Amino acid sequence: MKNYFFCYDKRLRDFLKYEKGIDYITEGRHLKTGMIFTLFERTEFLNQAIQEWKNC
């Protein structure tokens, strides 16, 4: 699962998709918790965008 990033934060998802133009693979619901997640393929660009998000 190192190649994928499960995003449970809607604001982070929107930042990645709309601000950074990163498309996600799919959306789903965690079977045990029922929380909605967005699945991204982990790339260096994605890692940089997440780090930028954390630094804001």
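Computed from a predicted structure; not experimentally measured.

K.L.:
Which parts of the structure should I look at to understand the packing of aromatic side chains?
P.N.:
Remark: the centre distance and the inter-plane angle together describe each pair of aromatic rings, the angle taken between the planes. Taken as a whole, this structure holds five aromatic pairs when the rule is applied. A ring pair is formed by Phe15 and Trp53, whose centres lie 5.3 Å apart and whose planes are at 45°; its orientation type is tilted. Of this pair, Phe15 sits in helix 1 (residues 10-19) while Trp53 sits in helix 2 (residues 44-55); the two residues are 38 residues apart in sequence, bridging distant segments of the chain. Classification of Phe15 as buried rests on a relative accessible area of 12%. Taken together, the ring pairs connect Phe5, Tyr24 and Phe40 into an aromatic cluster.

K.L.:
Honestly, the nonpolar core in this entry has me stumped. Any pointers?
P.N.:
Across soluble globular proteins, nonpolar side chains have a tendency to be buried as a group. Counting 10 residues, the largest nonpolar core is built from Phe5, Cys7, Leu12, Phe15, Leu16, Ile22, Phe40, Leu46, Ala49 and Ile50. Residue assignment for this core shows that the elements contributing at least two residues are strand 1 (4-7), helix 1 and helix 2. The residues contacting Ala49, other than those within four sequence positions of it, are Phe15, Leu16, Lys20 and Ile22.

Procedures and definitions
- Residues numbered from 1 in each chain as written.
- Predicted model: local features only at pLDDT ≥ 70, side-chain atom pairs only at ≥ 80, totals over all residues.
- Heavy atoms only, no water.
- Phe/Tyr/Trp six-rings, centres within 6.5 Å; stacked < 30°, edge-to-face > 60°.
- Helix = DSSP H or I, 4+ residues; strand = E, 2+ residues; numbered from the N terminus.
- Buried < 20%, exposed > 50% of the residue type's maximum accessible area, 1.4 Å probe, protein only.
- Core = buried A, V, L, I, M, F, W, Y, C linked by side-chain atoms within 4.5 Å.
- Contact = heavy atoms within 4.5 Å.

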